[in-house]
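Residue-level listing of the chains:
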Amino acid sequence: MHKRSLVLLLLSVVLILAGCQDQQGAQDEPYIPGAPIEVQFGTDPETPHPAGQPLTLFVRVTQEGEGVEDADEVLFEIWREDSEHHGDQEGHSNGDAEHRDHQQSQQEEHQDGQDSPDGHGHPAMDGYETDHDMLEAEHAGDGLYQLEISFDEPGTYYVMYHVTARGYHDMVRHEIEIIE
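Attention in this report is confined to the structure presented alongside it. Since the model is a prediction, treat every value here as computed from it, not as a measurement. (Residues numbered from 1 in each chain as written. Predicted model: local features only at pLDDT ≥ 70, side-chain atom pairs only at ≥ 80, totals over all residues. Heavy atoms only, no water.)

**Description of the sheet that holds strand β2 (residues 49-50)**
Spatially, β2-β11-β10-β5-β7 is the arrangement adopted by the five strands of the open sheet, whose pairing is mixed. Both edges of this open sheet fall to β2 and β7 (133-136), since each of them pairs with a single strand only. Sheet topology note: the strand β5 (residues 73-80)/β7 ladder contains four bridges and is antiparallel. Note that in β7 the partner of Glu77 across the bridge is Met134. (Pairing = 2+ DSSP bridges. Helix = DSSP H or I, 4+ residues; strand = E, 2+ residues; numbered from the N terminus.)

**Quick notes on the environment of Thr43**
Here Thr43 shows up in strand β1 (residues 37-44). We classify Thr43 as buried; its relative accessible area is 14%. Linking Thr43 and Ile176, residues 133 residues apart in sequence, is a C-alpha distance of 8.8 Å. Residues in contact with Thr43, not counting those within four places in the same chain, are Leu55, Thr56, Leu57, Phe58 and Ile176. Within the local environment of Thr43, its side chain forms a polar contact with the backbone oxygen of Pro45, the two atoms lying 3.1 Å apart. (Buried < 20%, exposed > 50% of the residue type's maximum accessible area, 1.4 Å probe, protein only. Contact = heavy atoms within 4.5 Å. Polar contact = N/O pair within 3.5 Å; in protein donor to acceptor, adjacent residues only side chain to side chain.)

**Here we look at the pattern of salt bridges**
Under the defined criterion, the tally for this structure stands at three salt bridges. We note a salt bridge from Asp142 to Arg60, for which the minimum N-O separation is 3.6 Å. Here Arg60 lies in strand β3 (residues 54-63) and Asp142 lies in the loop between β8 (138-141) and β9 (144-151), a separation of 82 residues in the sequence. By relative accessible area, which is 56% here, Asp142 ends up exposed. For Arg60, a relative accessible area of 30% translates into the label partly exposed. Between Asp82 and Arg80 there is a salt bridge, and its shortest N-O distance comes to 2.6 Å. (Salt bridge = Lys/Arg side-chain N within 4 Å of Asp/Glu carboxyl O.)

**Points about the nonpolar core**
Ranked by size, the top nonpolar core spans 24 residues in total, and within it Leu57, Val59, Val61, Phe76, Ile78, Phe151 and Val163 carry the most contacts. Those elements that place two or more of their residues in this core are β1, β3, β5, β9, β10 (155-165) and β11 (168-179). Considering each element in turn, this core owes the most residues, five residues, to β10. (Core = buried A, V, L, I, M, F, W, Y, C linked by side-chain atoms within 4.5 Å.)

Rendered as structure tokens:
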């Protein structure tokens, strides 16, 4: 009986050591992200769109055909084509005061340098600088992220989405037309 106990003990030690080795090997492997994300931009309703009327900007974020529900960040950067200063954003307004307060508090959090040196809050944005408004989209489910906004002045506006999800960052500029 003593011999059997010794064999079981040795077998247990071998199994424990093998399990530790497997865990160690998994930690040494580099992180390889999955397939790239895909982003589709749109507006609802479509543009051209009348000034002063609510317009929804949206992106649908997918990876391998499935909606991405856990994006790290979805922002819309907005500016008017003919603005002298890129930061001159008087041509649009977001009627949601709570959203503006949230955006301001986010900017203050990022200005303390905790997330990234440029204040955008994600390493993928490092080196990207802008003085345009950066407005956060809300997650609506099924990979859809949206922002309701109204443009007070007619003209051509640029909307660049910034989507950071699952190790990828995608940003593309789109033109929208606002009419009287």
